[in-house]
Amino acid sequence: MAKVVVKDLHKSYGDNEVLKGLNLEVEDNEVVCMIGPSGSGKSTFLRCLNDLEVPTKGQIVISGYDLSDKGTNINLVRENIGMVFQHFNLFPHLSVLQNITLAPVQLGKESKTEAEKTARHLLDTVGLADKADAMPKSLSGGQKQRVAIARALAMKPKIMLFDEPTSALDPEMVGDVLDVMKRLAADGMTMVVVTHEMGFAKEVADRVVFMADGLIQETGKPKDIFENPQSPRLQDFLQKVINV
Amino acid sequence: MKKWQVAVVMLLAAVGSWFSLNTHAQAKTYTIATDTTFAPFEFQAKGGKYKGIDIDILKAIAKKEHINYKLKAISFGAAVQQLSANQVDGVIAGMNITAERKKTFDFSNAYYTSGVVMAVAKDSKIKKFSQLKGKTVALKTGTAGAAYAKSIQSKYGFKIKYFNDSNNMYNDVKVGNSAACFEDYPVMSYGIKNGIALKIVSKQYAAGDYGFAVKKGKNAALLKKFNAGLKAIKADGTYKKIVNKYLKSSEASLTGETASSRTFVGLFTQNLGTIGSGLWMTLELTVISIILATILGLILGVLGVMPGKIGPAISSTIIYLFRGMPLMVLAFFIYIGFPDLIGHGFKIPAFVAGMITLMLNEGAYTGAFVKGGFQAVDDGQMEAARSLGLPYWTAMRKVIMPQGIRIMIPSFINQFIITLKDTSILSVIGIVELTQTGTLIIARNFEGFKIWLMIAIIYLIIITLLTWLSNWVQRRIN
């Protein structure tokens, strides 16, 4: 069974229907990039995957957990899903190390000593070994986002969700964050990435999903999507993105 | 145990022991309320002890009839209210026996007969009631003087201003805000003899009898003993001795104060004991109330930001109720209204009532800014915490609260200072805290300026210390 199965997903805010019936499956070790114009519902879709948004209708099954089932312990599901936000959302009152160890220690996954050891190792892999005791406010945007990735990885998730992870970064910081993500992908992490980085999508994605108007308009291998777009909406979108 | 847990346990223990002490003390002992500022019938002498005709008569009768009692000095109005609410067993406070009062209270035989006189400032030209037209008259609530003045108000066309204690009433006339006051003759003449700058300009009107009062239908045995004792002390000459002692001597000989002790420093050292106990009461109330209000405020704040509708609804209702109610109304409601409602002789000690009042009022204010502080924390923080798998309450405790509380610290300091100052309002239910101490001292020495200055300085000193402490805590947390 696929790692993520989404069936007929709808989401409305009052009269405003943002998601109008999405179907998607993500396989183990697959990297899926979601592209599309602003307001197309990409982020809402991603947030539905770990229940930060509750769907109006439809079914989501992740690693065998059915999110629409009231009996599902959402906290347990979330332990298996790492999420990285556009604005990092580091905990400003905790040091870098404490940001990373908070969840594993609080949830009894690891002892404090073990968690710190894991955290230092993760910081090393994202190139921030020397920042363990720094406070978040002393870090640059790119550094914050790499800490946020390390924080998500500390829970040893089976799937990682990225919500426009480089959109709030200065251009020279983007590369460091994308490098970390590329390495994750290479190590076989299942990833769903909402992004405007077409280069990243082209290079790393196993599959690209193009969303517009609350629907998936086209999906395919990066090569097909970028070199041979079928729908006029996608052709139009790529035109605009590439011309920028 | 963590530090905050230790603090909570200690607090509960303190409140608990306080309750148990209180129930012990009240066993088999009558609580008799009296006024605080009604010399020569009752007034506070040096060292905080009460003296006066009422006090001595009660003591003499109790000795003859073997009555165990505890004296409770509060304002006259509060004494009467507490008697009707069953908070005390009897009142002896120069209380006139009137038909109106007989509907609510049972009175002893009259132990003193007195009339009402009009007094004006020393340099005033007012001699007759007719000269009061359009002017303001100062009255003390619930007194025979007030009742008499009210009865002639429409005839002479004056305005009325009410006070809760005699000294403020005298002062209002002295400084010229009011043209005259009406007071019982022995009280007025005693005051003038002891330095009040007023003069009596009328004869005695509406002579009335003073009686000892109990609530209608209650404490009949106590009343019977009082009457028997009164008869006995009149027969053996004790009564006459008591009355003469107060009406024929000056205050200084009774209170033990000398003229040389009227300097600022002299007054301070003389009244150190009284002021000290008032200060202690203020501090005790402040500290306990701050702790309770903070706990309540945190609960209200957390409820206010909880997901769903029930928590926020409860929180905003409680905040709305107790923030909207004046502190004084709330204090009266809890101390007098609530036991009245429950009945069955249910009593709340004044200290506990005061504590609950402050807890609810200050807690409501605290709840409002705690809620605001939590809401000021970025939504992304909760989302990030939840996305890691942390349950709501863990996320609240470990991520939202530490950040929110940092935002709230200035509001907390502000609220602590307000709480300290608000304790002074509790003097209305008879708690003798710092402000009430000032009222009591002035009632016998009439040194308004120096004593109020002293009290103001003490408040400022504590508030300064409190601010320093808060700033230190704030620096530590950041």
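Residues numbered from 1 in each chain as written. Chains lettered and ligands numbered in written order. Predicted model: local features only at pLDDT ≥ 70, side-chain atom pairs only at ≥ 80, totals over all residues. Heavy atoms only, no water.

**Describing the pattern of salt bridges**
Per the counting criterion, the structure on display carries 20 salt bridges over all chains. Salt-bridge contacts for Arg 47 of chain A lead to Glu 53 of chain A; the nearest nitrogen and oxygen are separated by 3.0 Å. Take Arg 47 of chain A and Glu 53 of chain A: they sit in the same class, and that class is buried. Three or more residues are tied together by salt bridges with common partners; here these are Arg 47 and Glu 53 of chain A together with Glu 383 of chain B. (Salt bridge = Lys/Arg side-chain N within 4 Å of Asp/Glu carboxyl O. Buried < 20%, exposed > 50% of the residue type's maximum accessible area, 1.4 Å probe, protein only.)

**Notes on the interface of chain B and chain A**
Every contact between the two is made by 19 residues of chain B and, on the other side, 22 residues of chain A. A buried area of about 1,700 Å², summed over both sides, lies between chain B and chain A, and 61% of it is on carbon and sulfur atoms. A per-residue breakdown of the area chain B buries against chain A is headed by Glu 383, Ser 387 and Leu 388 of chain B, which together make up 36% of the total. The tally of links between chain B and chain A comes to one salt bridge. (Contact = heavy atoms within 4.5 Å. Buried area = accessible area lost by both parts, 1.4 Å probe.)

**Digging into the sheet that holds strand E1 (residues 4-13) of chain A**
All names here are of chain A. The strand order E2-E1-E4-E5 describes an open sheet built from four strands, whose pairing is antiparallel. Each end of this open sheet is capped by a strand with a single partner; those strands are strand E2 (16-26) and strand E5 (65-66). Sheet strands in contact with helix H1 (residues 42-49) are E1, E2 and strand E4 (57-62), and its direction is about 120° off that of E1. (Pairing = 2+ DSSP bridges. Helix = DSSP H or I, 4+ residues; strand = E, 2+ residues; numbered from the N terminus. Axes fitted to C-alpha atoms, helices over the stretch in contact; angles between N-to-C directions.)

**Some remarks on helix H6 (residues 171-186) of chain A**
Helical geometry: 3.6 residues make up each α-helical turn, so side chains three or four residues apart lie on a common side. Residue and element names in this part refer to chain A. Spanning 16 residues, H6 covers 23 Å between terminal C-alpha atoms, matching the ideal 22 Å at 1.5 Å per step. For H6, the complete set of buried residues consists of Met 173, Val 174, Val 177, Leu 178, Val 180, Met 181, Leu 184 and Ala 185. For H6, the angular spread of buried residues about the axis comes to 155°, placing them on one side. Away from its buried face, by an angle of more than 90 degrees, H6 presents the exposed residues Glu 172 and Ala 186. Of the residues flanking the end of H6, it is Gly 188, one or two places downstream, whose phi is positive at about 95°. (Expected span 1.5 Å × (residues − 1). Arc of directions from axis to C-beta.)

**Section: the UniProt feature "domain: ABC transporter" (unreviewed entry) in chain A**
Feature annotation in UniProt places "domain: ABC transporter" (unreviewed entry) on residues 4-238 of chain A, given in this structure's numbering. Secondary structure across residues 4-238 of chain A comprises 37% helix and 26% strand; the distance between its end C-alpha atoms is 27 Å. (UniProt positions renumbered as here; feature names shortened; annotations may be inferred.)

**Some words on the domain arrangement of chain B**
Residue and element names in this part refer to chain B. Taken as a whole, chain B is organised into domain 1 (3-111 + 213-255), domain 2 (113-210) and domain 3 (267-477). Listed as interface residues are five residues of domain 2 and, on the opposing side, four residues of domain 3. Across the interface of domain 2 and domain 3, roughly 390 Å² is buried in total on both sides, 64% from carbon and sulfur atoms. Among the residues of domain 2 in contact with domain 3, Asp 165, Asn 167 and Ile 196 are the three that bury the most area, contributing 67% of the side total. At the junction of domain 2 and domain 3, the tally comes to zero salt bridges. Remark: the boundary between domain 2 and domain 3 carries zero residue pairs in polar contact (both at pLDDT 80 or more). When its residues are assigned to classes, the side of domain 2 that touches domain 3 shows two nonpolar, two polar and one charged. (Domains from an automatic or database assignment. Polar contact = N/O pair within 3.5 Å; in protein donor to acceptor, adjacent residues only side chain to side chain. Nonpolar A, V, L, I, M, F, W, Y, C, P; charged D, E, K, R; others polar.)

**Topic: the UniProt feature "transmembrane region" (unreviewed entry) in chain B**
All names here are of chain B. Sites flagged by UniProt as "transmembrane region" (unreviewed entry) map to residues 279-306, 318-338, 344-361, 425-443 and 449-469. Across residues 279-306, the secondary structure splits into 96% helix and 0% strand, with the terminal C-alpha atoms separated by 40 Å. Along residues 425-443, the helical share is 53% and the strand share 0%, with 18 Å between the first and last C-alpha atoms.

**Here's the deal with unusual backbone geometry**
Most peptide bonds take the trans configuration, and most residues that are not glycine carry a negative phi. For the bond from Ala 39 of chain B to Pro 40 of chain B, the omega torsion is 5°, close enough to zero to count as cis. Secondary-structure assignment places Pro 40 of chain B in the loop between strand E1 (30-34) and strand E2 (43-44). Although it is not a glycine, Phe 88 of chain A sits at a positive phi angle of roughly 65°. Considering the arrangement of structural elements, one finds Phe 88 of chain A in the loop between strand E6 (81-84) and helix H3 (96-106). The class for Phe 88 of chain A is buried, based on a relative accessible area of 12%.

**Some details on the sheet that holds strand E7 (residues 159-163) of chain A**
Residues and elements named next belong to chain A. Strand order in the open sheet formed by six strands is E6-E7-E8-E3-E9-E10, with mixed pairing between adjacent strands. With one partner strand each, in any of the chains shown, E6 and strand E10 (215-220) form the two edges of the open sheet. Averaged over all neighbouring strand pairs, the angle between strand axes comes to 15°, with direction disregarded. Bridging between strand E3 (residues 31-35) and strand E8 (residues 190-194) involves four bridges; their strand directions are parallel. When the sheet's bridge partners are listed, Met 34 is paired in E8 with Val 194. Running at roughly 150° to E7, H1 makes contact with E3, E6, E7, E8 and strand E9 (207-212) of the sheet.

**Here's the deal with the confidence of the model for chain B**
Residue and element names in this part refer to chain B. Taken over all residues, the pLDDT of chain B has a mean of 86, while the share at 70 or more is 90%. Low pLDDT, under 50, characterises residues 20-27; the stretch is placed with two contacts to residues that sit more than four places away or in other chains. Interface scoring of the predicted complex returns ipTM 0.92; its pTM is 0.72. (pLDDT = per-residue confidence, 0-100.)

**Observations regarding the environment of Ser 151 of chain B**
Residues and elements named next belong to chain B. Topologically, Ser 151 is positioned in helix H5 (residues 144-156). For the pair Ser 151 and Thr 37, spaced 114 residues apart in sequence, the C-alpha separation works out to 24 Å. Within polar-contact distance, the side chain of Ser 151 engages the backbone oxygen of Tyr 148 at 2.6 Å.

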